[in-house]
Amino acid sequence: MALSELYTKYNRVWIPDPEHVWKSAEILRDFRPGDETLELQLEDGEILYPLDTASPQLPHLRNPDILVGENDLTALSYLHEPAVLHNLKVRFVESKIIYTYCGIILVAVNPYKQLHIYGDAVIHAYSGQNMGDMDPHIFAVAEEAYKQMARNNKNQSIIVSGESGAGKTVSARFAMRYFAMVSKSGSKTRVEDKVLASNPITEAIGNAKTTRNDNSSRFGKYTEISFDKRYQIIGANMRTYLLEKSRVVFQSEGERNYHIFYQICACADQPEFKSLRLCECLNMECKPLGLKPYIIVQPQLKMSSSVLSTGLTEDFQADVFKVLAGILHLGNVDIQSSSDPHLAVFCELLGVSPEGVTRWLCHRRIVMVAETVVKPVPRERAVNARDALAKQIYAHLFDSVIHRINAALQVPGKQHTFIGVLDIYGFETFDINSFEQFCINYANEKLQQQFNLHVFKLDQEEYRKEDIPWTLIDFYDNQPVIDLIEAKMGILDLLDEECVFPQGADQNWLQKLYNYLADNPLFEKPRMSNEAFIIQHFADKVEYQCWGFLEKNRDTLYEELVDTMRTSKFPLLANFFLEEEPGGLGSKGIKVRSARPDLFTNGVCVWSPSGFSTEHWSFLQFRSSLYLLMETLNATTPHYVRCIKPNDEKMPFEYDSRRVVQQLRACGVLETIHISAQSYPSRWTYIEFYSRYSILMSQQELGLNNKKQTCKTVLQRLIQDSNMYKFGRTKIFFRAGQVAYLEKLRLDRLRGACVTIQKHVRGWRQRTRFLCMRGAAIVLQQYVRGQRQIRCWFAVILGLGSNILALAQNLCKGHSLCNFLSHLVKKHAFVYFQGKENCGLLERLTSLSGAHAQIIDKLHGLEAQLEKSAKEKATLEEQVQKGKEDAAKTIGQLQEDKDGLVVENQNLEKKLYRLPSDLKPRGVVVNMIPGMAAQLLFMCVRHADYLNDGAKLNYLILPETAVVLSNIFLQEFMKQSSPSQCKNCLHNFDLSEHRQIFSDLAINIYHQFISVMEKALTPMIVPGMLEHESIQGISSMKPTGFRKRSNSVYEDQEVYTISSILQQLSLFHQAMSQHGMDGGLVRQAVRQIFFLVGAATFNNILLRKDMCSCRKGMQIRCNISYLEEWLKEKDLLQGCGAMDSLKPLSQAAWLLQVNKTTEDDAKEIIEQCSELNPVQIVKILNSYTPIDDFEKRVAPSFVRKVQGLLQDREGASSHLMLDIQYRFQVTFPFIPSSQALEHLQVPSSLRLSFLTRI
């Protein structure tokens, strides 16, 4: 079906809006080709949307409500910008869900609020799960990376990007925490703890407050977590990129320096920091901090074991604080002053010569052919030299701390694989953009190019696996932008050229850009400025101010100052400025493509003819490290996390569509959508399609056994254009809009079915009502007509009576006439009664005649039947005669067989008598009495006591045998024994000291038994309780999107049902019964297993939005009833507590089914859900997902109403998940054995012939 045919009445579209970016509208009239306008209905009135008749650009269609709020944006039928924006808004604002998949990307929206979705229980829930089985989460991405590393033995990378304040650092921290939890190292080094402990250190020295974020990372970090062959952590390594050194000496308005400076100033009064003389900085405005530090509240520095474990010893920390204090004092040095106190403190702290620092800050040495000249420099250049020294010292300090941490993270052992976590700045554009933003955006251009290639690679792989021909797709390629920056005579080439000249200036460089790049369509000159240039990046246009580019790129630090620092008596500072040896860190032999080969030799920077060293130029260093990063990423399997900042005010769960859409355009999400929409964006498995659209199938199609063929037949009938879909090996691929069309057909069919049902129900009700009214009317009519008839007869009788009376009076005047009248009346009466009697006789004669005719017919029938029976009798007599002859022959044959069987039976009896002697024991105990092992050991202990043999007793009381005696030496034994039994107690040895050992051992074995049952049952719980349809046809699958790709799912997985769970429970119960396990222990074990079933199912409901529906609640309650029936069958329902352990799950299922609209509904939820805490109730309400259009989402106002009522609960837990590792306390009641030891028989199959009864 063509996309333009979907623009029909009642469908909805998106139109541009200046405030909300996109606005929804409803179509009022069907669109026809040639229409100049499209009639739309907005919330505030009707509009006419203008169209270009030549090539009408129709507005974007809106997805059906049933598809809104999906976990994966690729599951949407219409893939475009407004659909993505709206889907994220619904999930974030209404459902309070911050994570959403967009194909291979995890979109993470910063909630600006602490959420209960990062606990250890959540980590365990995601561990081992396939991608797409659970709700989107950073843990799901980490699990996918870990699983692919273990499965394919290939290194992985998680790339976390986003603008400042979007939550990149937190996301990267949670990813590393996940690896630390699921792959704990077996050694005592605890590398995972060191990795986590290093995060606050790197944040202190590399993060700062900006206008957009209070904890913004001002550097890029790539953390490699190394694993051994068992995929346990054995080490880690950090690489850093582009530290923003300029922040050390300058911060924009509203921003701050690095956190570490404020933390050290907050400790200025402490004794260990007195020698740093920081109080002198507090008495005046501290220039490096930008404002007085005493008004800034920062956490104080604390020495902890975790910090020490990262390699930062107390001595090294003291040296670091000295360097930081020296930088603060150096930043306060006044160049105009002849003797500055801060300069003296700086030189004292760092052990350098005050004269040398003073001289070479304000002078410069010029070496000529014949002589050397020392020349004073202008104040501006001296200030630049001071700031360059401060930046260089801090950069070296930063690298030194990272080097120390890396050394502590390295442990003995060979790295097998690694997972890298890249926390890097996203695309940035500010009011004023300079050198730092240029480097950041250049890095993002390279990352975007790598991302585009990876998206194509995955799409090609998906098409290849599904046997679908791959077609080329038109997409935005950002290679021209990269060429503009790094190609010959590009921006970087011209910047390098200008930096070579001693008198090079920013304005000269900018003029070269205007001259050489004016014809490039991606480069523009601002209309109102001659000090900036514009680059059209893949995300947006960015205007860069040219001032400071050369200085920041050169990062000029004169050799004389460097020599002064090398002579420092402070070892740490002196090591900072040591000359790099050839082949050291400064020359790794990295081949970086450059436009000026004369400045490079074999890819290594060398001295330029002008005397300037290009080796330490900032951008060259950054480009080299970026090249290494891209080389690493290209050698790994990448996973992408895009962090989004929903608003600039940092308000929790507030969504600014304009800010969000800017970031979506900048981070590549919309480019992914564009690429997906070009081909077949909607992808359904055959099972999903069959379950969802079986309502559109005919009875003949449903009768086919092959569901895959059924789906093909139905789809070919519903959508005539075969180019709108493709049949893959396991999936059906749809073009944009086709799923929405199928949803429309499905909704129309459901609506038609509803109308038919309503028609019949209403007709039945009306007919029933009509028949009831008709019956009542007939009764009323009968009574009314009868009443009228009676009245008429009364009137006639009264009239006749009066007439007869008058006539009689007149006739009585003559006696003869009176006699004649009397005779006439009598004769008339006789004739009347005689006629009446004749009529009766006639009726009786007629009935007798009919009866006589019936009797005659019966007689004829009986005669025919008698004749037939006579014939059958003759036939039977012949058959009987023949049967007698055959029977005689058979009897003779049977007699012969009987004689043979008698002989064979005698032979079998002889063999049976010899059978016991022929059969020998094979070592198998048949019907052994439960507890026999304990009873035998106890008898041996009593014998050792009788012999007073301590050695034999110690041999018997071993940890291996103690378990079978655990129920014997309990104190309760003496209470249950009779006086005669007490005489048989031990006399020579006291075993009371072993009671605790036996008790602990029994508890340990019980827990091991529970663990064995849990291990066997755990894989069945979620598929059997949640995913399998125990009530067939009650659920309806929805599309899962791209995340159900084949490389995330194991093939040939066993399908578990509720019957599988019940069978496994029966096996457990049978094993416990056969081994004579006490009834109390059986009940405790069953209660523990039922708690596991309930907790695991409940946790999955909380983490799976697709499971939170009314139909799924009905399914869960049905499965709970099956479990209850099993308990009744095993006589475990009473006194077990198993059903009580399922109460949270039962209440959650009820919550999914109950009405969620009015205030009374809210109160009922509070009363009924007593086992659920407020966090869990709100989570289920927010996650409730309608499966059909006839269901409604839970309104946010209702959720707020429930939250208000829940505030009155006291002592409620704030944990989201149930702890599936929880163990109920176990008790071992004493149950005396009914087995008399003197009658104990040892089976010979045990081969214990050495035991003899005394």
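Residue numbers restart at each chain and count upward from 1, following the sequence in its written direction. The model is predicted, so local features are restricted to residues of pLDDT at least 70 and side-chain atom pairs to those at 80 or more, both for listing and for counting; the totals for chains, interfaces and linings are taken over all residues. Hydrogens and water molecules were not included; the side-chain quantities draw on all heavy atoms of the structure.

**Considering the overall build of the chain**
When helices and strands are tallied, the chain shows 41 helices and 24 strands. Per-residue accessibility, obtained with a 1.4 Å probe over protein chains only, is compared with the maximum for each type, and a residue is labelled buried under 20%, exposed over 50%, and partly exposed between these values. Taking all 1254 residues of the chain together, 46% fall into the buried category. Put simply, of all contacts in the chain between residues at least 6 apart along the chain, 71% involve residues at least 24 apart. The secondary structure listing takes helices from DSSP runs of H or I that are at least 4 residues long and strands from runs of E that are at least 2 residues long, numbered from the N terminus. By definition, residues are in contact when any of their heavy atoms lie within 4.5 Å.

**As for the sheet that holds strand β11 (residues 220–227)**
At least two DSSP bridges between two strands are required for those strands to pair. Taken in spatial order, the seven strands line up as β6-β7-β21-β8-β15-β11-β12 in an open sheet, and their pairing is mixed. Edge positions in the open sheet fall to β6 (99–102) and β12 (233–241), since each of these has one partner strand only. The average angle at which neighbouring strand axes cross in this sheet is 20°, direction not considered. Of the pairings in the sheet, the one linking β11 to strand β15 (residues 417–425) comprises seven bridges and is antiparallel in character. For lysine 221, the partnering residue across the bridge sits in β15 and is aspartate 423. Working convention: axes come from line fits to C-alpha atoms, limited for helices to the stretch in contact. Angles between N-to-C directions cover 0 to 180 degrees.

**Quick word on the nonpolar core**
Only buried residues count toward a nonpolar core, which is a set of Ala, Val, Leu, Ile, Met, Phe, Trp, Tyr and Cys residues joined through side-chain atoms within 4.5 Å. Within the largest apolar cluster, 287 residues are counted, with the highest numbers of intra-cluster contacts made by Phe346, Tyr394, Trp509, Phe533, Val1086 and Leu1123. Take this core: its biggest share by element is 14 residues, from helix α35 (residues 1079–1102). Setting aside anything within four residues of it in sequence, one finds valine 1086 in contact with Met1072, Trp1126, Leu1127, Leu1132, Cys1136 and Ala1138.

**Focus: the sheet that holds strand β1 (residues 12–17)**
With respect to topology, five strands assemble into an open sheet ordered β4-β3-β2-β1-β5, the strand pairing being antiparallel. Looking at strand neighbours, the two that pair on one side only are β4 (45–50) and β5 (60–61), the edges of this open sheet. Taken together, the six bridges between strand β3 (residues 37–42) and β4 define a ladder with antiparallel strand orientation. In the sheet register, threonine 37 faces β4, and the bridge partner there is proline 50. Contacts from helix α1 (residues 81–94) reach β1, β2 (21–27) and β5 within the one sheet, and its direction differs from that of β2 by about 100°.

**Topic: the packing of aromatic side chains**
In summary, the pairing rule links any two rings of Phe, Tyr or Trp, Trp by its six-membered ring, whose centres are within 6.5 Å, and it sorts them by plane angle into stacked for under 30 degrees, edge-to-face for over 60 and tilted for everything else. If you walk through the whole model with that rule in mind, you get 33 aromatic pairs. Seen from their ring centres, tyrosine 258 and tyrosine 394 are 5.2 Å apart, and the 15° between their planes marks the pair as stacked. Separated by 136 residues along the polypeptide, tyrosine 258 in the loop between β12 and α6 (259–266) and tyrosine 394 in helix α12 (residues 379–409) bring together distant segments of the chain. Through pairs of rings, three or more aromatic residues link up here, namely Tyr118, Phe139, Tyr146, Phe174, Tyr178, Phe179 and Phe227. In this analysis the charged atom, NZ for Lys or CZ for Arg, is taken to sit over a ring once it is within 6 Å of the ring centre and within 35 degrees of the ring normal. Above the ring of tyrosine 680, the side-chain terminus of arginine 735 is found at 4.3 Å from the ring centroid. The ring of tyrosine 1184 has lysine 1156 sitting right over it, with the charged end atom 4.4 Å from the ring centre.

**Thoughts on the packing of α35 against helix α38 (residues 1143–1153)**
Interaxial distance between α35 and α38 falls to 8 Å at its minimum, and their mutual angle equals 35°. For the pair α35 and α38, the crossing hand works out as left-handed. In this structure, α35 contributes Gly1094, Thr1097, Phe1098 and Ile1101 to the contact, and α38 contributes Pro1144, Leu1145 and Ala1148. Note on residue categories: nonpolar means Ala, Val, Leu, Ile, Met, Phe, Trp, Tyr, Cys or Pro, charged means Asp, Glu, Lys or Arg, and polar means any other residue, Gly included. Class assignment for the residues of the contact of α35 with α38 results in five nonpolar, two polar and no charged. Working rule for handedness: look at the near helix, and if it is turned counterclockwise from the far one by less than a right angle, call the crossing left-handed; if clockwise, right-handed.

**Structural notes on a negative patch on the surface**
A surface patch of negative charge is lined by Glu1159, Asp1160, Glu1164 and Glu1167. Structurally, the position occupied by glutamate 1164 is in helix α39 (residues 1159–1168). According to the relative accessible area criterion, glutamate 1164 is partly exposed, its value standing at 32%. What makes a patch is a set of residues exposed beyond 30% relative accessible area and free of salt bridges, joined within 9 Å when like-charged and within 5 Å when nonpolar (Val, Leu, Ile, Met, Phe, Trp, Tyr). Values of accessible area rely on a 1.4 Å probe in the Shrake-Rupley scheme; residue burial ignores everything except the protein chains shown. The salt bridge criterion pairs a side-chain nitrogen of Lys or Arg with a carboxyl oxygen of Asp or Glu, the two atoms within 4 Å. Here Asp and Glu are counted as negative and Lys and Arg as positive; His is not counted, and neither are the chain ends. Every charge is mapped onto a representative atom, which is NZ of Lys, CZ of Arg, CG of Asp or CD of Glu.

**A closer look at helix α14 (residues 479–486)**
For α14, the set of buried residues is Val481, Ile482, Leu484, Ile485 and Glu486. If you follow the buried residues of α14, they end up packed against α13 (435–465), α15 (491–500), β16 (523–524), β17 (532–536) and α20 (618–634).

**Structural notes on the packing of helix α36 (residues 1110–1129) against α38**
The packing of two helices is summarised by the inter-axis angle and the distance between the axes. Interaxial distance between α36 and α38 falls to 7 Å at its minimum, and their mutual angle equals 145°. As α36 runs across α38, the sense of the crossing is left-handed. In contact with Cys1110, Gly1113, Met1114, Ile1116, Arg1117 and Ile1120 of α36, α38 contributes Leu1145, Ser1146, Ala1149, Trp1150, Leu1152 and Gln1153. Residue composition of the contact of α36 with α38, grouped by class: eight nonpolar, three polar and one charged.

**Observations concerning the pattern of salt bridges**
Under the defined criterion, the tally for this structure stands at 37 salt bridges. For the salt bridge of lysine 465 with glutamate 461, the shortest nitrogen-to-oxygen distance reads 3.3 Å. Here glutamate 461 and lysine 465 lie together in helix α13, a separation of four residues that amounts to about one turn. We classify lysine 465 as partly exposed; its relative accessible area is 25%. Among the residues examined, glutamate 461 registers a relative accessible area of 24% and is labelled partly exposed. Lysine 1130 is the salt-bridge partner of glutamate 1129, the closest N and O atoms lying 3.9 Å from each other.

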